[in-house]
Amino acid sequence: AQSVTQPDIHITVSEGASLELRCNYSYGATPYLFWYVQSPGQGLQLLLKYFSGDTLVQGIKGFEAEFKRSQSSFNLRKPSVHWSDAAEYFCAVETNAGKSTFGDGTTLTVKP
Amino acid sequence: DVKVTQSSRYLVKRTGEKVFLECVQDMDHENMFWYRQDPGLGLRLIYFSYDVKMKEKGDIPEGYSVSREKKERFSLILESASTNQTSMYLCASSPNGPLGPNYGYTFGSGTRLTVV
């Protein structure tokens, strides 16, 4: 069965520091992978997606993610975090026929 | 800007009531989904639909039903609300139906339902 693991429940970084959020997936075929962000009390917003081609994908808000097939990973990165990036981040893999399986999320706290 | 609109942000209902959660999208998307989100449990798929009149069970359909009479509207129904259905409910949509890839979901803002 397909699954997504986000090993870090909570991460704290200082404003201006770099960020990496980890995501590992389990899926038999070539995966379609996504990162979403959720601000408190809101729905999820799509940050970026990977379907094929270049393994480094760019998204909105200055985020990028790198697909590594050998490690079954799709880690999210940002070179310099802003206080407004504090939120919960979800990694997802598309399963069959358009459905997605989500990880449990990583909560990001940004220290001033 | 494309949108998924959930009719209520907050709802308080009594145990045993029949509850309707409405979701409307303006993007002409084929797929629509209902998830519930609970602390420590992530997002769990309740039901989804690939087209009008079509519905498929997700991972936790018990106690729920859905209706999709028009392409843009997908309703979640709690037949007899119980306290363990207190949760955040998220509606989402995506294009392409069951034969195409999911290009990423567009989510509504969520409905926080409390059953007392």
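Residues numbered from 1 in each chain as written. Chains lettered and ligands numbered in written order. Predicted model: local features only at pLDDT ≥ 70, side-chain atom pairs only at ≥ 80, totals over all residues. Heavy atoms only, no water.

We now examine the overall build of chain A. Check the secondary structure of chain A and you find zero helices and 12 strands. Secondary structure elements of chain A, listed N to C terminal, follow the sequence β-β-β-β-β-β-β-β-β-β-β-β. A globule of 112 residues ought to have a C-alpha radius of gyration of about 13 Å, and chain A, at 13 Å, matches this closely. Looking at the 112 residues of chain A, the share that counts as buried comes to 46%. Across chain A, every contact between residues at least 6 apart in sequence was considered, and the portion connecting residues at least 24 apart equals 52%. Just so you have it, chain A exposes about 5200 Å², and 47% of that area is on carbon and sulfur atoms. (Helix = DSSP H or I, 4+ residues; strand = E, 2+ residues; numbered from the N terminus. Rg over C-alpha atoms; globule rule 2.2 N^0.38 Å. Buried < 20%, exposed > 50% of the residue type's maximum accessible area, 1.4 Å probe, protein only. Contact = heavy atoms within 4.5 Å. Areas by Shrake-Rupley, 256 points an atom, 1.4 Å probe, with all protein chains shown as cover.)

Taken residue by residue, the interface counts 21 residues in chain A and 23 residues in chain B. Buried surface at the junction of chain A and chain B, both sides included, amounts to about 1700 Å², of which 53% is carbon and sulfur. Counting across the chain A and chain B interface gives zero salt bridges. Our enumeration of links across chain A and chain B arrives at six residue pairs in polar contact (both at pLDDT 80 or more). When contributions to the side of chain A that touches chain B are tallied by element, the ones reaching two or more residues are strand 5 (33-38), strand 6 (44-50), strand 10 (87-94) and strand 11 (100-102) of chain A. Across the side of chain A that touches chain B, the residue classes tally to nine nonpolar, seven polar and five charged. (Buried area = accessible area lost by both parts, 1.4 Å probe. Salt bridge = Lys/Arg side-chain N within 4 Å of Asp/Glu carboxyl O. Polar contact = N/O pair within 3.5 Å; in protein donor to acceptor, adjacent residues only side chain to side chain. Nonpolar A, V, L, I, M, F, W, Y, C, P; charged D, E, K, R; others polar.)

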